[in-house]
Amino acid sequence: WRHNVGGPMREIAEMCSGNASVGVMSGTSFVHVQTAGIPPGWPHVPDIGQTGPLLHSALGWSLLSMLGARDYDEKITEIQARHGQDYEDSRAVMEAAVARCRSEGFCVSYGDWRPDLVAAGAPLGQTKDGLWVAIACAVPRYRAVADYFEADLGPRLAEAAASIRLSGVFRL
């Protein structure tokens, strides 16, 4: 299934002149399973197998947004147990981003995971083998324009995710 997203990921990376990545949930983290883009001189280049926190990232928030109430509560309990006060300090931002993914189909992180990056994320859905999958794209913070992420890239990323779901590989 990850090969089905390669073409759209390259288009998204080109669209934002940055990187695009697809990730799955693993415990309280996400794991990159496919990446595209990789402009030279970047502060961060996602790579297959790289992990990051569900709590602090657009990709993580997009993954959390797909969970049903019971699974979401269980995952939040797990995150809270692992991250303690960091969870409490970050909870409002995370909850707002998860709610936005559910209502608008995308969220934006302004350096929440990596201070030098701005990223947008969107849920893709669940695979037949039960993996929750989301997509994200990122640019260096110095190149990020909030209006572009909020009014252009974010909505287009949500539309791209919806288009990818039409392949039948993912279901929400």
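So, how was this worked out
Residues numbered from 1 in each chain as written. Predicted model: local features only at pLDDT ≥ 70, side-chain atom pairs only at ≥ 80, totals over all residues. Heavy atoms only, no water. Helix = DSSP H or I, 4+ residues; strand = E, 2+ residues; numbered from the N terminus. Rg over C-alpha atoms; globule rule 2.2 N^0.38 Å. Buried < 20%, exposed > 50% of the residue type's maximum accessible area, 1.4 Å probe, protein only. Contact = heavy atoms within 4.5 Å. Areas by Shrake-Rupley, 256 points an atom, 1.4 Å probe, with all protein chains shown as cover. Lys, Arg positive; Asp, Glu negative; His and termini not counted. Charge placed at Lys NZ, Arg CZ, Asp CG, Glu CD. Core = buried A, V, L, I, M, F, W, Y, C linked by side-chain atoms within 4.5 Å. Pairing = 2+ DSSP bridges. Axes fitted to C-alpha atoms, helices over the stretch in contact; angles between N-to-C directions. Phe/Tyr/Trp six-rings, centres within 6.5 Å; stacked < 30°, edge-to-face > 60°. Lys NZ or Arg CZ within 6 Å of the ring centre and 35° of its normal.

### A word on the overall build of the protein chain
Piece 1. The secondary structure content of the protein chain amounts to 5 helices and 6 strands.
Piece 2. Across the protein chain, helices and strands are ordered from the amino to the carboxyl terminus as α-β-β-β-α-α-α-β-β-β-α.
Piece 3. Taking 172 residues into account, the globule formula puts the C-alpha radius of gyration at 16 Å, and the protein chain, at 15 Å, falls close to it.
Piece 4. Among the 172 residues that make up the protein chain, the fraction classed as buried is 52%.
Piece 5. A fraction of 61% describes how many contacts in the protein chain between residues 6 or more apart in sequence connect residues 24 or more apart.
Piece 6. Of the accessible surface of the protein chain, which amounts to about 7,900 Å², a share of 50% is contributed by carbon and sulfur atoms.
Piece 7. Separation between the mean location of the 15 positive side-chain charges and that of the 19 negative ones in the protein chain comes to 5 Å.

### Digging into the nonpolar core
Piece 1. Membership of the largest hydrophobic core comes to 30 residues, with the highest contact counts inside it found for Val 22, Leu 124, Ile 135 and Cys 137.
Piece 2. Of all elements in the fold, only α1 (6-16), β1 (19-26), β2 (29-36), β5 (117-126), β6 (132-140) and α5 (146-165) reach the threshold of two or more residues within this core.
Piece 3. Looking at this core element by element, the count peaks at 7 residues for α5.
Piece 4. In contact with Cys 137, not counting residues within four places along its chain, are Ile 12, Cys 16, Asn 19, Ala 20, Val 118, Ala 119, Ala 120, Leu 153 and Leu 157.
Piece 5. Of all hydrophobic cores here, the second largest spans 25 residues; its members include Leu 54, Tyr 72, Ile 76 and Ala 97.

### Concerning the side chain of His 56
Piece 1. Mapped onto the fold, His 56 is located in the loop between β3 (51-53) and α2 (58-65).
Piece 2. Judged by relative accessible area, which is 15%, His 56 ranks as buried.
Piece 3. Contacts of His 56, omitting those with residues within four sequence positions, involve Trp 61, Asp 86, Ser 90, Ser 109, Asp 112 and Trp 113.

### Topic: the sheet that holds β6
Piece 1. Ordered by their spatial adjacency, 6 strands build an open sheet running β3-β2-β1-β6-β5-β4, and the pairing between neighbours is antiparallel. Each edge of the open sheet is held by one strand with a lone partner, namely β3 and β4 (107-110). Direction aside, the axes of adjacent strands within the sheet are offset by 35° on average.
Piece 2. The pairing of β5 with β6 spans 9 bridges and is antiparallel. Bridge assignment links Gly 121 to a residue of β6, and that residue is Ala 136.
Piece 3. Where helix α4 (residues 85-104) meets the sheet, its contacts fall on β4 and β5, and the angle it forms with β4 comes to roughly 150°.

### Brief notes about the packing of aromatic side chains
Piece 1. Applying the stated criterion across every chain, the model contains 2 aromatic pairs.
Piece 2. Their ring planes at 85° and their centres at 5.3 Å tell us that Phe 30 and Trp 113 sit as a pair that is edge-to-face. Here Phe 30 is found in strand β2, whereas its partner Trp 113 is found in the loop between β4 and β5, with 83 residues between them in sequence.
Piece 3. Look at Phe 30 and you get buried, because its relative accessible area is 1%.
Piece 4. Taking 5.9 Å as the distance between ring centres and 85° as the angle between the ring planes, the aromatic pair formed by Tyr 148 and Phe 149 counts as edge-to-face.
Piece 5. Phe 149 gets classed as buried once you look at its relative accessible area, which sits at 1%.
Piece 6. Geometry around Trp 113 places Arg 114 over its ring, the cationic atom sitting 4.7 Å from the centre.

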